[in-house]
Amino acid sequence: MVEKLGEIRVADQVIAVIAGAAVEEVLEVSVRSGGLYQDIAKKINGGSKGISVSMQEDRVTIDMRVSVRYGTPIHHVCQTLQERVKEAVEHLTGLLVEAINVRVEAIEVK
């Protein structure tokens, strides 16, 4: 039997950084910047641009704004992104990811 020694809390900014690192593993996707005011707020508060986190008890909802490389099937790459982020956040934090909402805001043409 595991004895509970106290409470563990993971900050929203930490979850956003974990999610951002997982996004970098999906080559066809990049996180979108939030614009000037959001960028300034993120620099002050920490976290990752284009990613917001909300928590209720031990359940996490992550909202992401991304761009996708032209020619990539959007539905496939977003599903892969959701799976990678969910796996990373749950593995590293022990929290349950309830939802990962992905909003594709741009297509990158290179």
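Computed from a predicted model, the values in this text were never measured in an experiment.

Draft legend 1. Just unusual backbone geometry, in detail. Residues other than glycine seldom take positive phi values, yet Glu-57 does so here, at roughly 60°. Of note, Glu-57 is situated in the loop between strand 2 (51–56) and strand 3 (59–69). Residue class for Glu-57 comes out exposed when judged on its relative accessible area of 77%.

Draft legend 2. Region of the structure containing the environment of Ala-106. Within the secondary structure layout, Ala-106 lies in strand 4 (residues 96–108). With residues up to four places along the chain from it excluded, the contact list for Ala-106 reads Arg-32, Val-66, Ser-67 and Val-68.

Draft legend 3. Geometry of helix 3 (residues 74–93). The terminal C-alpha atoms of helix 3, which comprises 20 residues, lie 28 Å apart, in line with the 28 Å expected from a rise of 1.5 Å per residue. Within helix 3 the residues assigned to the buried category are Val-77, Cys-78, Leu-81, Val-85, Val-89 and Thr-93. The buried residues of helix 3 all sit within an arc of 95° when viewed along its axis, so they share a single face. Every exposed residue of helix 3 that faces more than 90 degrees away from the buried side is listed here: His-75, Glu-87 and His-91. On its buried side, helix 3 packs onto helix 1 (12–24), strand 1 (29–31), strand 3 and strand 4. At the exit of helix 3 stands Gly-94, carrying a positive phi of roughly 80°.

Draft legend 4. A look at the environment of Val-89. One can find Val-89 in helix 3. The buried category is assigned to Val-89, whose relative accessible area is 0%. For the pair Val-89 and Ala-22, spaced 67 residues apart in sequence, the C-alpha to C-alpha distance is 8.7 Å. Once residues lying within four places of it in the same chain are set aside, the contact partners of Val-89 are Ile-15, Ile-18, Ala-19, Ile-62, Gly-94 and Val-97.

Draft legend 5. Spatial organisation of the pattern of salt bridges. A full pass over the atoms with the stated rule returns five salt bridges. Here Glu-98 and Arg-59 are joined by a salt bridge, their closest N and O atoms 3.7 Å apart. With Glu-98 in strand 4 and Arg-59 in strand 3, the pair connects residues that are 39 residues apart, well separated along the chain. On the basis of relative accessibility, which here comes to 51%, the residue Glu-98 falls in the exposed class. Overall, the relative accessible area of 40% leaves Arg-59 in the partly exposed class. Residue Glu-90 is joined to Lys-86 by a salt bridge in which the shortest nitrogen-to-oxygen separation is 2.8 Å. Note that Glu-90 and Lys-86 are positioned in helix 3 at a spacing of four residues, about one turn of the helix. For Lys-86, a relative accessible area of 33% corresponds to the partly exposed category.

Scoring rules and cut-offs
Residues numbered from 1 in each chain as written. Predicted model: local features only at pLDDT ≥ 70, side-chain atom pairs only at ≥ 80, totals over all residues. Heavy atoms only, no water. Helix = DSSP H or I, 4+ residues; strand = E, 2+ residues; numbered from the N terminus. Buried < 20%, exposed > 50% of the residue type's maximum accessible area, 1.4 Å probe, protein only. Contact = heavy atoms within 4.5 Å. Expected span 1.5 Å × (residues − 1). Arc of directions from axis to C-beta. Salt bridge = Lys/Arg side-chain N within 4 Å of Asp/Glu carboxyl O.

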